[in-house]
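Chain and residue survey
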Amino acid sequence: MSVEQPLKGAAVGFEGEVSGLGLADIIQLDAVNRFSGCIDVQYQGRRGLVFLKDGEIVHAECADLTGEAAFYEIVSWPGGRFSHQENVATTRSTIR
């Protein structure tokens, strides 16, 4: 058995897919881990963005919705794909 050495400059951590968890579960994990960045969510041609700072949800966008209305729309989707964008910030604060 051989073990590959990480490439210089390679990101630390894991990358992959998560199935069986809802978006609310993913957000809860991000809150516990004090994630700062953006969760980009896509479902049936729709796209939503949820911004967190130190694990706190501070802003959400979806189509023409912002704030809590956008957040509730995004988490109501029954499935989809998401990706994390670390250290992506927003100047907007629509969720307290």
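Shown above is the structure to which this text applies.
Residues numbered from 1 in each chain as written. Predicted model: local features only at pLDDT ≥ 70, side-chain atom pairs only at ≥ 80, totals over all residues. Heavy atoms only, no water.

Judged from the seven bridges that link them, strand β1 (residues 37–43) and strand β2 (residues 46–53) form a sheet pairing that is antiparallel. Pairing of I39 across the sheet is with V50, part of β2. If you look at the hairpin formed by β1 and β2, you'll find two residues sitting between the two strands, and Q44 has a positive phi there, around 45°. Examined bridge by bridge, β2 and strand β3 (residues 56–62) share six bridges and lie antiparallel to one another. Bridge pairing in β3 places V50 opposite A60. Counted between consecutive antiparallel strands, the loop separating β2 from β3 contains two residues, among which D54 sits at a positive phi close to 50°. (Pairing = 2+ DSSP bridges. Helix = DSSP H or I, 4+ residues; strand = E, 2+ residues; numbered from the N terminus.)

Here we take up the sheet that holds β3. Taken in spatial order, the five strands make up an open sheet running β4-β3-β2-β1-β5, and their pairing is antiparallel. Two strands lie at the open edges of the sheet, namely β4 (65–66) and β5 (81–86), each paired on one side alone. Along the sheet, helix α1 (residues 23–32) contacts β1, β2, β3 and β5; its crossing angle with β1, the most-contacted strand, is approximately 170°. Taken strand by strand, helix α2 (residues 67–76) contacts β1, β2, β3 and β4, and its axis lies near 80° from that of β3. (Contact = heavy atoms within 4.5 Å. Axes fitted to C-alpha atoms, helices over the stretch in contact; angles between N-to-C directions.)

Turning next to the packing of aromatic side chains. For the structure on display, the rule yields two aromatic pairs. With centroids separated by 5.7 Å and ring planes inclined at 65°, the aromatic side chains of F71 and Y72 adopt a geometry described as edge-to-face. Residue classification places F71 among the buried positions, given a relative accessible area of 15%. A residue is classified by how much of its surface remains accessible, and Y72, at 52% relative accessible area, is exposed. (Phe/Tyr/Trp six-rings, centres within 6.5 Å; stacked < 30°, edge-to-face > 60°. Buried < 20%, exposed > 50% of the residue type's maximum accessible area, 1.4 Å probe, protein only.)

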